[in-house]
Amino acid sequence: MTPSPGLPQNPALIVADTSALIQIVVSEEVTPLRILKQDYSIQLAVHEAVETEINWRVQKKFPEKRTTLNKLFSTNTVGVLDKALLSQHGYKSAPALLEQIDVLGERFSLRIGRGEAYAHAAGNILGVPTLSQDLAAIWELINDGVAVQRPILRAFDLLVFGVQAAKIDWDACAKARKQLLKAKEGILQCFRNCSVEDGIAHFYLRLCDADAPLLGASQPLEPFDDRIFVRSVSG
Amino acid sequence: MILKNIIESTKLDPEFCADLLGVAPDQFEEWLTGVRPLPRFVIPEISSILGITEKTLLQASTGAGESYATLAPAIWYKLRDSKLVQADREMVALVRKLGYYMDQLAAVRGEKLRRFEPLFRSIRDRVDRTAPPALQGKGAARDFRSMTDLEHGQVAIGEWIRRALRTLGVLTLESPLKSAVEGCAFSVGSVSGPTPCVFANSYKSTWFRRNAVIMHEVGHAIFDLESEQISIDYTTDASDELKDQRAQAFAQECLVPKSVLVQFANRFGLKWGSISAANLATLVGYSHVEQRLVLRAAYDSELISAEQLEAYGALDCASELRELTTHALSTREYLRKQAVEMPKWIAENRNTDLGRRSLRLPSLYVGQVIEALNGQQISESKAAEMLMMDRETFVTRFGSLIGGAEKAA
C-alpha cells in the first residue's frame, strides 16, 4: 500500500535490544507487541545476538518468565532478523543487509554490550526505530560520532502506546510496573514513585497512534524524546 | 556437527561452554548439533577461546571444510592429559575468554602492549641452544633482568615482577584452583596476535612460592610457547625435561642471582657459615622467594655447602617471617589487610564467577576497564561484560569509582 502524502508511514520493523525486551517479558504485558503486529503491521524483531542474550539472561535471572519469552518467539510476536523476515517486510538484498548489520554490530560491540550493539546496528542499517532501555549505551555511541537511528523507544513507550490506542488500560500498566518493581528492574524516573497513570504528565510518549488523543507531556523532556506516529491498518 | 567435534576434542563440558559464551544450554546444543548454524556474532569469541581460526569456524558453521580430526585446536591436545581435571581445562577456557576481552579493551584504548615480543625474541636469539639447560636459563635470566632494568641496584625483584610483566604486556594471573596444576603458561587473545599468559595457582600456596612459579612460567613463555601452545607444571612431580630445567634456572637466576645474595649478606651482616632462623627469615623476606629456593640459590652460588643446605633447610623461620613481612600472611589474611587500604581492589571485588568456576581478575585490567568507562570509551554494560559480571554486580562493586558516564534510565 502506498501511503498518502503527509500521512504517517508505519515502520515495517522495530528492532529491540535485550534490556528493553527483558522489561517487556518481566512485565508480562505483551499486548502492545501483539497489536503492533496485528493492527499496525509493525513487527518487533531482534538480532540473533539479542535472542541468544535474552534466552540466557531470562533463564539465569528470571526462569519463571521463560514461558512468556518462549511464547513471544513461538507466536512470532517477536521475530528473529533473518532473510525470510526481511524479505517478508519488503527488504531487498536481505543477505547483504544482514552482512552489513553483522559488520556494524561487531564494531559497536567493542564499546557497548553485545545485545545493544547488534540492535543499534540493525536499527541503523534497516532505518527503523530501536527499542532500547540503555540510554548509557546510546550516549556512548553518540560520543563516538556514530549516528543512531531515531526514535529510540523504551519499554514504557510500548505500554503507554497500548493505553493510548485503547488496547490496554491503566490497570494493566500498574500490573506491569508492579512486576518490574518486584524483579528489581529499572523504572523510568517519572514512574519510579507513582503509578504510570499518575506520572504520565512527566512522560513524553515516543510511539503514538496518529488517530488517538495524545497522552503525557506535549513537549520533549529529554535529549532522545523524538516522536513517531503510526496508524492502524486493520480498518 | 563440526563444533560438537571440536568441543568434544577439548574435553570441555558443553554446559560450561554454554555458560562461558552466555548462551542457554539448549540453544548451544542446537549450534553443536547443527540444528542451527553457528551465528557469526559469536565466532570471534569462540575462535579466541578455543584457539581455532575464524575461517575454520565459519566453515564449521556452513558444514564445509576440513575433516573433524584436523580441527582439534593444538592447545587442547595437552589439556586432555589425564592428570588434568575438568577445573584445569575450564580455568584455561575462562582465562582465554579474558584474553578475548583484553584484546577488545586494547583496541578501544588504542594501545596494544606487545613489548614482550622483541624482548622474548632477543633473549631467545642470544641463548646458545647447545649449552646445558641450566646455563641457557641463567643466561636468559641475566638478559631478562638487564633488558627490563630489573637488575638496577642488585635487589631482589619479587615485588616488581608482576608490574614488570604487565608493562611488557604479559597477562599474569594468580587464582585459587583446586588442582594438581601449580602453574602454566599459554597464549590468549586472537589466533593471529596471541599474548602470553602466565598462571600461578594460589590454592594452598604462598606468595614466595608463587613468585618462583610465575618466573618459571615466564621462562616457558619465552622459550616454549611458540612450539608447545601450553606448558603445564604440576605440584606433584618435578620434571627433568630440558625445558623445565631451563625454566627453573631462569626463575632462580631472575629472582635470586648471586649478586643479590652477596648484597644481602653485606647489608644485613649475614655469615653464611652460621645462618640462624632469624637470618633465614631476613633472606626469605627480602629475596621474596621461599626458603628452599633462596638456599638452593646460595648453594649454586657456592656460598653454602651441601651440608649447610640441608641444615638450613630444616630451620623453621615461619614466625620470624610473619613479623618481618605481610607477604608471609596467608592469602586470606593478606587480602584482608590490603582491603583496608584498597577497598575496591580486594580479591572479592575482582572475583568473577562463571558457572562453577571463579577467576580473580588482574587489578590492572579492572582499573583499565573502569578508566575506559570513565573516559567514555565504553558503556557501563560493556564494562560489566569485560569484567564478566552482570551489570548490577558491577555497579554494586565499582559504582563509587564510576563518574561522568550517564546512568541508564
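None of the values given here were measured: they were computed from a predicted structure.

### As for the overall build of chain A
The helix and strand tally for chain A stands at 12 helices and seven strands. For a compact globule of 235 residues, the expected C-alpha radius of gyration is about 18 Å, and chain A comes in at 17 Å, within 12% of that figure. Overall, chain A is about 45 × 45 × 35 Å in size when its C-alpha atoms are taken along their principal axes. Counting only residues that meet the buried cut, chain A has 49% of its 235 residues in that class.

### Quick notes on the sheet that holds strand β1 (residues 13-16) of chain A
Residue and element names in this part refer to chain A. Pairing in this open sheet of five strands is parallel, and the strands run β3-β2-β1-β4-β5 from one edge to the other. Here the strands that pair on one side only, and so sit at the sheet edges, are β3 (78-80) and β5 (152-153). Taken together, the three bridges between strand β2 (residues 43-46) and β3 define a ladder with parallel strand orientation. By the bridge assignment, Leu44 is partnered in β3 with Val78. Set on the sheet, helix α7 (residues 114-126) makes contact with β1 and β4 (130-131); between it and β1 the angle comes to about 160°.

### Digging into the domain arrangement of chain B
Interface size is commonly expressed as the accessible area that is lost once the parts come together. Assigned domains within chain B: domain 1 (1-72), domain 2 (109-255), domain 3 (259-328) and domain 4 (331-401). Here the C-alpha centroids of domain 1 of chain B and domain 3 of chain B sit 52 Å apart.

### Here we look at the packing of helix α8 (residues 116-126) of chain B against helix α9 (residues 133-147) of chain B
All names here are of chain B. Between α8 and α9, whose axes approach to 9 Å, the crossing angle comes to 145°. For the crossing formed where α8 meets α9, the hand is right-handed. Facing Leu119, Ser122, Ile123 and Arg126 of α8, the residues of α9 in contact are Ala140, Asp143, Phe144 and Met147. For the contact of α8 with α9, a count of residues per class yields five nonpolar, one polar and two charged.

### Quick look at the sheet that holds strand β1 (residues 171-175) of chain B
Residue and element names in this part refer to chain B. One open sheet holds the four strands; their spatial order is β1-β3-β2-β4, and the pairing between them is mixed. Each of the sheet's edge strands pairs with one partner strand only, and the pair in question is β1 and β4 (230-234). Within this sheet the neighbouring strands show an average axis-to-axis angle of 15°, counted without direction. Lying over the sheet, helix α7 (residues 86-109) contacts β1, β2 (181-188) and β3 (195-201), oriented at roughly 35° with respect to β2.

### Focus on unusual backbone geometry
The residue A:Ser93 is not glycine, and still its phi comes out positive at about 50°. Within the secondary structure, A:Ser93 sits in the loop between α5 (83-88) and α6 (94-108). Looking at A:Ser93, the number of C-beta atoms within 10 Å reads 12, which means it is exposed. You will see that B:Met388, though not glycine, has its phi angle at about 55°, which is positive.

### Considering the packing of helix α11 (residues 207-223) of chain B against helix α13 (residues 242-255) of chain B
The axes of two packed helices give the description: the angle between them and the distance between them. All names here are of chain B. The contact between α11 and α13 brings their axes to 8 Å, and the two run at 125°. Classed by the angle they form, the pair α11 and α13 counts as oblique. As for the relative orientation of α11 and α13, their crossing is right-handed in sense. The segment α11 lies against α13, with Asn211, Ala212, Met215, His216, Gly219, His220 and Phe223 engaging Lys243, Arg246, Ala247, Gln248, Phe250, Ala251, Cys254 and Leu255. Among the residues forming the contact of α11 with α13, the class breakdown is eight nonpolar, five polar and two charged.

Reading the values: rules and limits
- Residues numbered from 1 in each chain as written.
- Chains lettered and ligands numbered in written order.
- Predicted model: local features only at pLDDT ≥ 70, side-chain atom pairs only at ≥ 80, totals over all residues.
- Helix = DSSP H or I, 4+ residues; strand = E, 2+ residues; numbered from the N terminus.
- Rg over C-alpha atoms; globule rule 2.2 N^0.38 Å.
- Buried ≥ 20, exposed ≤ 12 C-beta atoms within 10 Å, placed from the backbone.
- Pairing = 2+ DSSP bridges.
- Contact = placed C-beta atoms within 7 Å.
- Axes fitted to C-alpha atoms, helices over the stretch in contact; angles between N-to-C directions.
- Domains from an automatic or database assignment.
- Left-handed = near helix turned anticlockwise from the far one by under 90°.
- Nonpolar A, V, L, I, M, F, W, Y, C, P; charged D, E, K, R; others polar.
- Parallel < 35°, antiparallel > 145°, perpendicular 65-115°, else oblique.

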